[in-house]
Amino acid sequence: MITDEVRAIWCRELGRDHIADDQNFFALGGQSLIMARIQGAFADELGVEVPMDRLFLNPTIASVSAYIGSLDSMAPPHRT
């Protein structure tokens, strides 16, 4: 599930054992350098490019997971 993968990345990059779905990235001590590492991890580990402005606009695990999920629904169908 995408939420669990996002949580694992956030926990690792923020140095936390657990983060609730609705906890705010910035309230947890997040800042732009950590956000850049998370952005890179999303690309490397999840295969999705999340623009920095989308990360700022979606500062919780729940909201960024929903955004990433919406990318799948916007992708064109695969043709063979």
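Our structure's up above, just so we're on the same page.
Note that the coordinates shown come from a computational prediction; the quantities given were computed from them, not determined experimentally.

Among the nonpolar cores identified, the biggest contains 21 residues, and Val6, Trp10, Phe42 and Ile68 are the most heavily contacted of them. Of all the elements in the fold, those that place two or more residues in this core are helix H1 (2-14), helix H2 (32-46) and helix H4 (61-74). For this core, the element with the most residues is H2, which contributes 6 residues. Ignoring anything within four residues of it in the chain, the contact list for Ile68 reads Ile2, Val6, Phe42, Leu46, Val48 and Val50.

Here the focus is the environment of Ile61. With respect to the helices and strands, Ile61 occurs in helix H4. Judged by its relative accessible area of 0%, Ile61 falls in the buried class. Sequence spacing of Ile61 and Phe25 is 36 residues, and the spatial spacing of their C-alpha atoms is 8.2 Å. With sequence-adjacent residues up to four places away left out, Ile61 is seen in contact with Thr3, Val6, Arg7, Trp10, Ile19, Ala20, Asp21 and Gln23.

What follows concerns the pattern of salt bridges. Applying the stated criterion to the full structure yields 4 salt bridges. With a closest N to O distance of 2.7 Å, Asp21 and Arg7 form a salt bridge. Of this pair, Asp21 sits in the loop between H1 and H2 while Arg7 is found in helix H1, placing the two residues 14 residues apart along the sequence. Taking relative accessible area as the criterion, Asp21 reaches 32% and is therefore assigned partly exposed. Ionic pairing is found between Glu13 and Arg37, a salt bridge with its closest N-O pair at 2.7 Å. Pair noted here: Glu13 is in helix H1 and Arg37 is in helix H2, with a separation of 24 residues, a long-range link. For Glu13, a relative accessible area of 16% translates into the label buried. According to the relative accessible area criterion, Arg37 is partly exposed, its value standing at 43%.

The rules behind these values
- Residues numbered from 1 in each chain as written.
- Predicted model: local features only at pLDDT ≥ 70, side-chain atom pairs only at ≥ 80, totals over all residues.
- Heavy atoms only, no water.
- Core = buried A, V, L, I, M, F, W, Y, C linked by side-chain atoms within 4.5 Å.
- Buried < 20%, exposed > 50% of the residue type's maximum accessible area, 1.4 Å probe, protein only.
- Helix = DSSP H or I, 4+ residues; strand = E, 2+ residues; numbered from the N terminus.
- Contact = heavy atoms within 4.5 Å.
- Salt bridge = Lys/Arg side-chain N within 4 Å of Asp/Glu carboxyl O.

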